[in-house]
Amino acid sequence: MAKNLVIVESPAKAKTIEKFLGKDYTVLSSYGHIRDLNKKKISIEIERDFSPVYEIPEDKKALVADLRKAAAAAQTVWLASDEDREGEAIAWHLCEVLGLDPATTRRIVFHEITKGAIENAIKNPRTIDLDRVDAQQARRVLDRIVGFELSPVLWKKIKPSLSAGRVQSVAVRLIAERETEIKAFNAEPYFRVTADFVTTGIKAHLTGVLSERLTDINAVSKFLSDCTNATYSVSSVQRKPLTRQPAPPFTTSTLQQEASRKLGMTVAQTMAVAQRLYESGHITYMRTDSLNLSETAIAAISKEITASIGAEYLKPRQYHTASKGAQEAHEAIRPTNIAIRDISASAQEKRLYNLIWKRTVASQMSDAQIEKTTIEILPSTRPEHFAATAEAIKFDGFLRLYTEGRDEPDEPGQPVTLPPLKKGDKLKAAIVTATERFTQQPPRYTEASLVKKMEELGIGRPSTYAPTISTIQAREYIEKGQNDGQPRNYRVVTLANGEISHSENTEICGGDKGRLIPTDIGIIVNNFLMEYFPAILDYDFTARMEEKFDLIAEGKLPWSGEIATFYKLFHPDVENAMSMRLEHKVGERILGSHPQTGKTVSVKIGRFGPLVQIGDADSDEKPQFASLLKNQSVSTITLDEALKLFEFPRSLGTYEGSDVTVAIGRFGPYVKHAGKFISIPKDIAPAEITIEQAEELIKAKRDAENKKVVKIFTEDPDLQILNGRYGIYIAYKKNNYKIPRTVENPAELTLEQCREIISQQDSKPQKTTRSRSSARK
């Protein structure tokens, strides 16, 4: 064993660091936390100042034994976990478990995994910052108390297996409240009027937009009628210089937002790819809310801009963080070596690195200089005016390299030039068009815009955005929309050649594909928590707690006292909620009575999701149940729609000698044939599916299953090589194993080779994610 032992969080990080240190250093990985709270117990000693009770998970015991042995053999132990609070806590846990002294053990941190950064960290070690450890413990304890005390209330009042969390429940509230706004919104029609003008001399064209919206068809008819014999003249020409500045370098939240807009990545995907880039030494630490760039980095960027783009494009600048409750103020996310434009990596890693490289370089480039021209055109018969605008780029500056994305689409782009007109010039209107438009409902959140909103409100921190959004989707409180939109008619009224004509067109609107939508369970849980635990879901409370965590990290606040203050107010509310009696189950709606039997028909959340119930559980006769379809909701389903669900299962006939039936189950409508279950696609109504359509679904299912099996082994039927959603893999005794990239043809693998792959992967310590913010901590 070498004289020095360096312990990091991940094997990938260990591999990179090992390249920079000499033979006197051994680098090992802790694979995240080596101990944690028990997953099935609250593990908080309430009566002992809320002390957490940690334990080493079973799958980490062998690893811990190896680390203890290595630490005992080394002269010096260096703890090099990440530089945020979670990393500080991991270092402290290593001290505790390995029997190291936190006061003397060498703690090293670095913003980037490069030779210079690692060597500098070794030269400047420090001790573990116990204040930052306390801040992490305070968050962990608070989240565990909220999750473990609130979740049983939801189990009793709504349905088993639900969970609540301090941050996740607030995120669900944001999405649920936006949905309420959307349902209350009534789109109001109006008419947008444009005119295509022709100049009299040079025969140039330009388009003007009327300065006012017209509210109804009568106003449109009157306006166009007045314009029939109108003459048009230029009433003013204004030219105004504009300056556009580049966006600052990336923080965690802005990287997540921009990767979503430009690369289509989820926030979880973005963080996973960024983690690999960081551990490979390509970018600086990816969990940060700092906009700062080091002087060394700015000098390197300046050199790159001057050499590859031109000195006139250089404008070095420093940015300052303005986000609410900003902390972890290290450096913004940037390439570690700006001279490296392209990296050797996976396609996703290359795309994200390229985005980071462009944003970083653009942040140090000159402003874009733009000239905006506005020409106002006045009809002789009306007081309103038309405005034609154009923006011409005089100097592109940072726009040469990078333009920031937007969450919502812009209006159609403006032209870059307009004809050289002056005040008093006469124009002719070739065509005047009034197009019906509609006021826009509040947009549903995307993952990117939800992160932005959470940051604005001070909810969570760079480390918690991705796990929070992943958790509320995994808990099925929210889901991503699948609707491409619905057709909508709109009217167009046109004046051309002195004649007014009317037409009607169709457009697709209201699509929610990829947008975040609350499920029935999400809405019902949110409504319940808002009624009985409003303080937990209060935006200001969540932000204030983040600020208190910051003060604890700075050594200005004792953590246990803050938890005690919270618990005194919170715990009585939990006891009251558990003991209260409700006339109906939370979220239950009475739809009416069954027309034949007179039994009550209700809709509610059952153990496996939303369902309709006919009858009463207290009566002698057992109630009937039917699951809702995917496109149905507890809040909107009608009595007639509910009763139709009880027409299932229904028989379609026979195919190949076996009955074909249609039914609705826990996961939606399906066809059953010869013991097989085939899901019915969403574009086929289960009440209208034909035997011919069912046969096609059965055949397609068979084809897919035939293609799934790549190879089987008669000597060991439990072991198979299968083709799945993410590629070919080995399946063995309900576990899946990745096939190494070095295997060119998986179908040629022998049984012994498969067993060797399984053995190698089973021998590795299970990689556990660092505890961030989850439901029942």
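All of the points below concern the structure found in this document. (Residues numbered from 1 in each chain as written. Predicted model: local features only at pLDDT ≥ 70, side-chain atom pairs only at ≥ 80, totals over all residues. Heavy atoms only, no water.)

A few points about the packing of aromatic side chains
For step 1, the next point in the chain: Across all of its chains, the model carries 14 aromatic pairs by this definition.
For step 2, the next point in the chain: Relative to phenylalanine 386, the ring of phenylalanine 197 lies with its centre 5.5 Å away and its plane at 75 degrees, an arrangement referred to as edge-to-face. Of this pair, phenylalanine 197 sits in strand β9 (residues 189-199) while phenylalanine 386 sits in strand β13 (residues 386-395), and the two are 189 residues apart along the sequence.
For step 3, the next point in the chain: Owing to a relative accessible area of 0%, phenylalanine 197 belongs among the buried residues under this scheme.
For step 4, the next point in the chain: For phenylalanine 386, a relative accessible area of 0% puts it in the buried group.
For step 5, the next point in the chain: Among the aromatic residues, ring-to-ring pairing joins Phe197, Phe223, Tyr232 and Phe386 into one connected group.
For step 6, the next point in the chain: Positioned above the aromatic ring of tryptophan 92 is the side chain of arginine 35, whose terminal nitrogen or guanidinium carbon lies 5.4 Å from the ring centre.
For step 7, the next point in the chain: A cation sits over an aromatic face here: arginine 213 above tyrosine 190, 3.9 Å from the ring centre. (Phe/Tyr/Trp six-rings, centres within 6.5 Å; stacked < 30°, edge-to-face > 60°. Helix = DSSP H or I, 4+ residues; strand = E, 2+ residues; numbered from the N terminus. Buried < 20%, exposed > 50% of the residue type's maximum accessible area, 1.4 Å probe, protein only. Lys NZ or Arg CZ within 6 Å of the ring centre and 35° of its normal.)

A few points about the sheet that holds strand β26 (residues 676-679)
For step 1, the next point in the chain: Strand order in the open sheet made by the four strands is β23-β24-β25-β26, with antiparallel pairing throughout. With one partner strand each, in any of the chains shown, β23 (650-655) and β26 form the two edges of the open sheet. Strand-to-strand twist in this sheet, taken as the mean axis angle between neighbours without regard to direction, amounts to 30 degrees.
For step 2, the next point in the chain: For strand β24 (residues 658-665) and strand β25 (residues 668-673), the ladder comprises six bridges, and the chain directions are antiparallel. Across the sheet, the residue bridging to threonine 661 is lysine 672, located in β25.
For step 3, the next point in the chain: Its contacts with the sheet put helix α18 (residues 691-708) on β23, β24, β25 and β26, and the angle it makes with β23 is roughly 65 degrees. (Pairing = 2+ DSSP bridges. Axes fitted to C-alpha atoms, helices over the stretch in contact; angles between N-to-C directions. Contact = heavy atoms within 4.5 Å.)

A few points about the side chain of glutamate 83
For step 1, the next point in the chain: For glutamate 83, the location among the structural elements is in the loop between β7 (76-79) and α3 (85-98).
For step 2, the next point in the chain: The buried charged residue glutamate 83 lacks any salt bridge partner; its closest oppositely charged side chain belongs to arginine 132, at an N-O distance of 6.6 Å.
For step 3, the next point in the chain: A polar atom in the side chain of glutamate 83 sits 2.7 Å from the side chain of histidine 111.
For step 4, the next point in the chain: The contacts of glutamate 83, once residues within four sequence positions are left out, are Arg107, Val109, Phe110, His111, Arg132, Tyr285 and His330. (Lys, Arg positive; Asp, Glu negative; His and termini not counted. Salt bridge = Lys/Arg side-chain N within 4 Å of Asp/Glu carboxyl O. Polar contact = N/O pair within 3.5 Å; in protein donor to acceptor, adjacent residues only side chain to side chain.)

Overview of the pairing of strand β11 (residues 232-244)
For step 1, the next point in the chain: Two elements, β11 and strand β12 (residues 368-379), share twelve bridges in a ladder whose sense is antiparallel. Bridge pairing in β12 places serine 236 opposite glutamate 376.
For step 2, the next point in the chain: As paired elements, β11 and strand β14 (residues 426-438) share two bridges and run antiparallel to each other. Bridge pairing in β14 links tyrosine 232 to leucine 427.

What to know about the nonpolar core
For step 1, the next point in the chain: Membership of the largest hydrophobic core comes to 159 residues, with the highest contact counts inside it found for Phe110, Leu352 and Phe533.
For step 2, the next point in the chain: Looking at which element gives the most residues to this core, the answer is helix α5 (residues 130-157), with ten residues.
For step 3, the next point in the chain: With sequence-adjacent residues up to four places away left out, phenylalanine 110 is seen in contact with Lys13, Ile17, Ala80, Glu83, Ala117, Ile118, Ala121 and Tyr278.
For step 4, the next point in the chain: Counting 24 residues, the second largest nonpolar core, distinct from the first, contains Val234, Ile375, Leu427 and Ala434. (Core = buried A, V, L, I, M, F, W, Y, C linked by side-chain atoms within 4.5 Å.)

Looking at the environment of histidine 330
For step 1, the next point in the chain: By secondary structure assignment, the location of histidine 330 is in the loop between α10 (295-308) and α11 (347-362).
For step 2, the next point in the chain: As a C-alpha pair, histidine 330 and glycine 615 span 285 residues in sequence and 62 Å in three-dimensional space.
For step 3, the next point in the chain: Those residues in contact with histidine 330, other than ones at most four positions away along the chain, are Glu83, His111, Arg132, Thr288, Ser290 and Asn292.

Side note on the sheet that holds strand β20 (residues 600-606)
For step 1, the next point in the chain: Ordered in space as β19-β20-β21-β22, the four strands form an open sheet in which the pairing is antiparallel. Lying at the two open borders of the sheet, with one neighbouring strand each, are β19 (589-593) and β22 (624-627). Going from strand to strand, the sheet's axes swing by 25 degrees on average, the running direction of each strand aside.
For step 2, the next point in the chain: With six bridges connecting them, β20 and strand β21 (residues 609-614) associate as antiparallel partners. Residue pairing for β21: valine 601 is matched across the bridge by isoleucine 614.

As for the environment of histidine 594
For step 1, the next point in the chain: Inspection of the secondary structure puts histidine 594 in the loop between β19 and β20.
For step 2, the next point in the chain: The class for histidine 594 is buried, based on a relative accessible area of 17%.
For step 3, the next point in the chain: As for histidine 594 and aspartate 640, which are separated by 46 residues in sequence, their C-alpha atoms are 9.6 Å apart.
For step 4, the next point in the chain: In contact with histidine 594, not counting residues within four places along its chain, are Lys599, Val601, Ile614 and Leu643.
For step 5, the next point in the chain: In terms of polar contacts, histidine 594 uses its side chain to reach the backbone amide nitrogen of glutamine 596, at 3.1 Å.

What about the pattern of salt bridges?
For step 1, the next point in the chain: Going through the model one piece at a time under the given rule, you end up with 43 salt bridges.
For step 2, the next point in the chain: What emerges from the salt-bridge pattern is a single network uniting Arg139, Asp143, Arg166 and Glu546.

Focus: the packing of helix α8 (residues 252-263) against α11
For step 1, the next point in the chain: α11 packs onto α8 with a crossing angle of 115 degrees between their chain directions and a minimal axis gap of 11 Å. Crossing geometry of α8 relative to α11 is assigned as right-handed. Across the interface between the two elements, Thr254, Leu255, Glu258, Ala259, Lys262 and Leu263 from α8 touch Arg351, Leu352, Leu355, Ile356 and Arg359 from α11.
For step 2, the next point in the chain: Across the contact of α8 with α11, the residue classes break down as six nonpolar, one polar and four charged. (Left-handed = near helix turned anticlockwise from the far one by under 90°. Nonpolar A, V, L, I, M, F, W, Y, C, P; charged D, E, K, R; others polar.)

Geometric descriptors of this kind do not, in isolation, establish any biological role.
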